[in-house]
Amino acid sequence: MISGISMRRITLVGFGLLAGSIAAAVKQAGFATKIRAVSSKASLDKARDLGLADEFFGYDQVEEWSKDTDLILLCAPILHILKTIDALSKVSWAARGSEGAPASVGSHTSLGAQKTCLVSDIGSTKVEICKAGVKLPVPFRFVGSHPMAGSEKSGCENNDPAIFENAYWFVCPPEGTEESVYAPLLELVKFLGANAVVFPPEHHDRTMAWVSHMPQMLSSTLAGNLPERLLAHNYQHYAGRAFRDMTRIAASSWGMWHDIAVTNRDETVRALEEVRDGANKTIDAMKAIDSDAAISGAESSAAVKLASSAASTPAADKSDALAAIFKQGNEGRASLFAPGRNAASAFFEITVPLKDKPGALLSVMQPLAEEGLNIRDIELMKVRENVAGTLLLAFKTEAEAARAVKLLKYLGYEVKER
């Protein structure tokens, strides 16, 4: 078997985008590991046509697909994951305790040749899923997980073997669980290029409430509350990049977010209340500003001198409180990319101005590809008609970024490192 994955068989339940991407990566690598797809008939037909799996089962065939597999990874929406865990707890061949109850994970009930089967999931919340999963009978051992990866697209036909590259993948084992129990999952995470983070389920949900779930609610609220005074004149079309970026995820599907909302309600509400308190402080700081003093002061040369020393003296226009909020915002933003903490900090970025003409993007990308430089992320910034846009390119290593800078400068581009 090719080095990288030692598992003989991986069972992916809910064969959509992420399950399809995992399967595609395994197949692309040429591993002998068998992929077992469990899904709806339509999804199974797609998986079969694309050659993404070796075995195919419907959801209701749980007695069959739950056997003889090293890892069962539940890749469906959260409430479906909970339903599947319940179905697994009732399979007839699993060990049963007294009065038909599942045997505990510490039980030594003999199951003949049936070996331990690791069960995990990719759900976006963890507390409720882990509570249910830990009750599974022998030979199942449950360890929840959550990869921070996805796309606006869905379905296994849109699979991307590199979708997990450099992403965080949270692994949430029950307290006291030895790493050897979930080693197969860590093996898969490493193979897919993700960064495993071992986290208690409660810490996961508390963190995701702030950095993922609350931002989604705010984005939807922001986009959904455009005032009539703008809408009546179609003025919302003049929205700049800031508003467009802040409302991008407002296009998300309610179907997925329903499950997140109902399984991480309390922590998300807590995060929203904390942001509301912060917004109220910002409103108070804005109201405190003496606009007349600022405007009149700007008309005198004395105000110019005052402005030059504003860093060490109170602002005459009473804007100090708002300035402090901006400073806190600057520091909070910078903390996201603290070395050794954020996976994105491993990227080395450069910017390249582009001319507004056909083929401008290709003229930058093609030489880099011919040089064998692998671009890990790309963004087209500041695009306006007849004005040069700026291309942001990210590389995994500093050496790769340096080679790109040298090459593009040789070709006449004004390249800057970020």
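Up top is the structure.
We now turn to the structure provided with this report. (Residues numbered from 1 in each chain as written. Predicted model: local features only at pLDDT ≥ 70, side-chain atom pairs only at ≥ 80, totals over all residues. Heavy atoms only, no water.)

Brief notes about unusual backbone geometry
This is how it is decided: Runs of H or I in DSSP of at least four residues are treated as helices and runs of E of at least two as strands, each being numbered from the N terminus.
Omega for the peptide link from Val-138 to Pro-139 comes to 20°, which places this bond in the cis form. Mapping Pro-139 onto the fold places it in the loop between helix H5 (127–133) and strand E6 (140–142). In this model, Asp-68 sits at a positive phi of 50°, which is unusual for a non-glycine residue. Counting through the fold element by element, Asp-68 comes out in the loop between helix H3 (62–65) and strand E4 (71–74).

Considering the sheet that holds E4
Filter applied, for reference: Only strands joined by at least two bridges in the DSSP assignment are considered to pair. Orientation is described by lines fitted to C-alpha atoms, with helices fitted over the stretch in contact, and by angles between N-to-C directions that extend from 0 to 180 degrees.
Reading across the sheet, the 6 strands line up as E3-E2-E1-E4-E5-E6 and stay open at both edges, with parallel pairing between neighbours. Each edge of the open sheet carries a strand with a single partner, namely strand E3 (55–58) and E6. Going across the sheet, the axis of each strand differs from the next one's by a mean of 20°, ignoring polarity. Note: strand E1 (residues 9–13) against strand E2 (residues 34–39), 5 bridges, orientation parallel. Within the sheet, the bridge partner assigned to Val-13 lies in E2 and is Val-38.

Examining the pairing of E4
Basically, it comes down to this: Per-residue accessibility, obtained with a 1.4 Å probe over protein chains only, is compared with the maximum for each type, and a residue is labelled buried under 20%, exposed over 50%, and partly exposed between these values.
By the alternation rule, side chains of E4 split into Leu-71 and Leu-73 and Ile-72 and Leu-74, which are all buried. In this structure, E4 lies alongside strand E5 (residues 117–121), joined through 4 bridges in parallel fashion. What sits directly across from Leu-73, in E5, is Ser-120.

Overview of the pairing of strand E9 (residues 195–198)
Definition in use: If you view a crossover with the strands going away from you and the path from the first strand over the helix to the second runs clockwise, you call it right-handed.
Two strands pair when backbone bridges link them, and strand E8 (residues 168–172) and E9 are joined in this way by 4 bridges, in the parallel orientation. Within E9, the residue paired with Phe-170 across the bridge is Val-197. In terms of handedness, the path from E8 via helix H6 (residues 183–191) over to E9 forms a crossover that is right-handed.

Looking at the pattern of salt bridges
Counted only if it meets this: For this document, the term salt bridge refers to a Lys or Arg side-chain nitrogen within 4 Å of an Asp or Glu carboxyl oxygen.
Scanning all chains against the criterion turns up 21 salt bridges. For Lys-90, the salt bridge goes to Asp-86, with nearest N and O atoms at 3.1 Å. Using a relative accessible area of 55% as the deciding quantity, one classes Lys-90 as exposed. The partly exposed category is assigned to Asp-86, whose relative accessible area is 39%. Among the salt bridges present, the one from Arg-265 reaches Asp-266, with a minimum N-O distance of 2.9 Å. Assessed through its relative accessible area of 53%, Asp-266 is described here as exposed. In the salt-bridge network here, residues are joined through shared partners; they are Arg-8, Arg-9, Arg-36, Glu-55 and Asp-68.

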